[in-house]
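The primary structure of each chain is shown beneath.
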Amino acid sequence: MRKNSYTLLYYIGLIVLLACSSCDSKTTYSRYQHVSIAGWEKNDALSYEIAPMKENGTFQKAIGVRISSDYPFMGLTLIIEQQVFPSMESHNDTLNCNLIDKEGNAIGQGVTLYQYKFPINTMTLHKGDSLSIRVRHDMKREILPGIADIGLILTKQ
């Protein structure tokens, strides 16, 4: 009886191990940076440094946003400045994020903080390329309350 129990546990463990090892995450980079909930200053850019790529590929860039119910606007405009090394290729994007619907309800997921993910674009990177990305807001207010975190997600396609 005891031998059968160990054999069963062995096979269950083996199945769990195989299931976990077969999961292949395509997320190459994911990092959120905290913003003072009292207010994100317009000139206070968040920087993301992505280490050299281990292989060639096409990557989807996305911005993650977490807001509280204190956020006073329906949308958020972000400026994303990016530079690829060693080619020194640079590119700027303006991202308009819709956060609140016309009825005043958050579109994102959450209860206390609402989370959103906005795709930016795709780009081809070569083995050894690295990225430096800066994100800042471009709203009329100099200090923007209610933003909790801004993230950058890079996913291999």
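Presented here is an overview of the structure given in this document.

The rules behind the values
- Residues numbered from 1 in each chain as written.
- Predicted model: local features only at pLDDT ≥ 70, side-chain atom pairs only at ≥ 80, totals over all residues.
- Heavy atoms only, no water.
- Pairing = 2+ DSSP bridges.
- Helix = DSSP H or I, 4+ residues; strand = E, 2+ residues; numbered from the N terminus.
- Axes fitted to C-alpha atoms, helices over the stretch in contact; angles between N-to-C directions.
- Buried < 20%, exposed > 50% of the residue type's maximum accessible area, 1.4 Å probe, protein only.
- Lys, Arg positive; Asp, Glu negative; His and termini not counted.
- Salt bridge = Lys/Arg side-chain N within 4 Å of Asp/Glu carboxyl O.
- Contact = heavy atoms within 4.5 Å.
- Polar contact = N/O pair within 3.5 Å; in protein donor to acceptor, adjacent residues only side chain to side chain.

## Some thoughts on the sheet that holds strand 3 (residues 46-50)
Reasoning step 1: Spatial strand order, 3-9-5-6: 4 strands in an open sheet with antiparallel pairing. Every other strand in the sheet has two partners, leaving strand 3 and strand 6 (89-98) as the edge strands with one partner each. Within the sheet, the average angular offset between the axes of one strand and its neighbour, ignoring direction, is 20 degrees.
Reasoning step 2: Pairing analysis gives 8 bridges linking strand 5 (residues 75-85) to strand 9 (residues 130-137), with the strands arranged antiparallel. When the sheet's bridge partners are listed, Ile80 is paired in strand 9 with Val135.

## Quick look at the sheet that holds strand 1 (residues 27-34)
Reasoning step 1: An order of 1-11-4-8-7 is seen for the 5 strands of this open sheet, with the pairing classed as antiparallel. In the strand order of this sheet, the two ends are held by strand 1 and strand 7 (109-110), each with one partner.
Reasoning step 2: Two strands pair when backbone bridges link them, and strand 1 and strand 11 (residues 147-156) are joined in this way by 7 bridges, in the antiparallel orientation. Bridged to Tyr32 within strand 11 is Gly151.

## What about the side chain of Asp129?
Reasoning step 1: Of note, Asp129 is situated in the loop between strand 8 (113-125) and strand 9.
Reasoning step 2: Despite being buried, Asp129 has no salt bridge partner; Lys61 is the closest side chain of opposite charge, sitting 11 Å away.
Reasoning step 3: For Asp129, the contacting residues outside a window of four places in its chain are Ala51, Pro52, Met53, Val84, Phe85 and Pro86.

## Observations concerning the side chain of Gln33
Reasoning step 1: For Gln33, the location among the structural elements is in strand 1.
Reasoning step 2: Among the residues examined, Gln33 registers a relative accessible area of 14% and is labelled buried.
Reasoning step 3: Of the polar contacts made by the side chain of Gln33, one reaches the backbone oxygen of Ser47; its length is 2.5 Å.
Reasoning step 4: When sequence neighbours within four positions are dropped, the list of residues in contact with Gln33 reads Leu46, Ser47, Tyr48, Ala148, Asp149 and Ile150.

## Regarding the pattern of salt bridges
When the charged atoms of two side chains with opposite charge come close together, those side chains can pair.
Reasoning step 1: Here the structure, examined in full by the defined rule, presents 5 salt bridges.
Reasoning step 2: A salt bridge links Glu81 to Arg134, with the shortest nitrogen-to-oxygen separation between them at 3.4 Å. A residue pair is termed long-range when its members are at least 10 positions apart, and Glu81 in strand 5 and Arg134 in strand 9 qualify at 53 residues.
Reasoning step 3: By relative accessible area, Glu81 is classed as partly exposed at 24%.
Reasoning step 4: Relative accessible area serves as the criterion here: at 38%, Arg134 is assigned to the partly exposed category.
Reasoning step 5: Of the charged contacts, one joins Glu81 and Arg136 as a salt bridge, the two residues approaching to 3.4 Å between their closest N and O atoms. Of this pair, Glu81 sits in strand 5 while Arg136 sits in strand 9, and the two are 55 residues apart along the sequence.
Reasoning step 6: Arg136 sits in the partly exposed class, given a relative accessible area of 24%.

So far we have only geometry, and geometry alone does not tell us how the molecule works.
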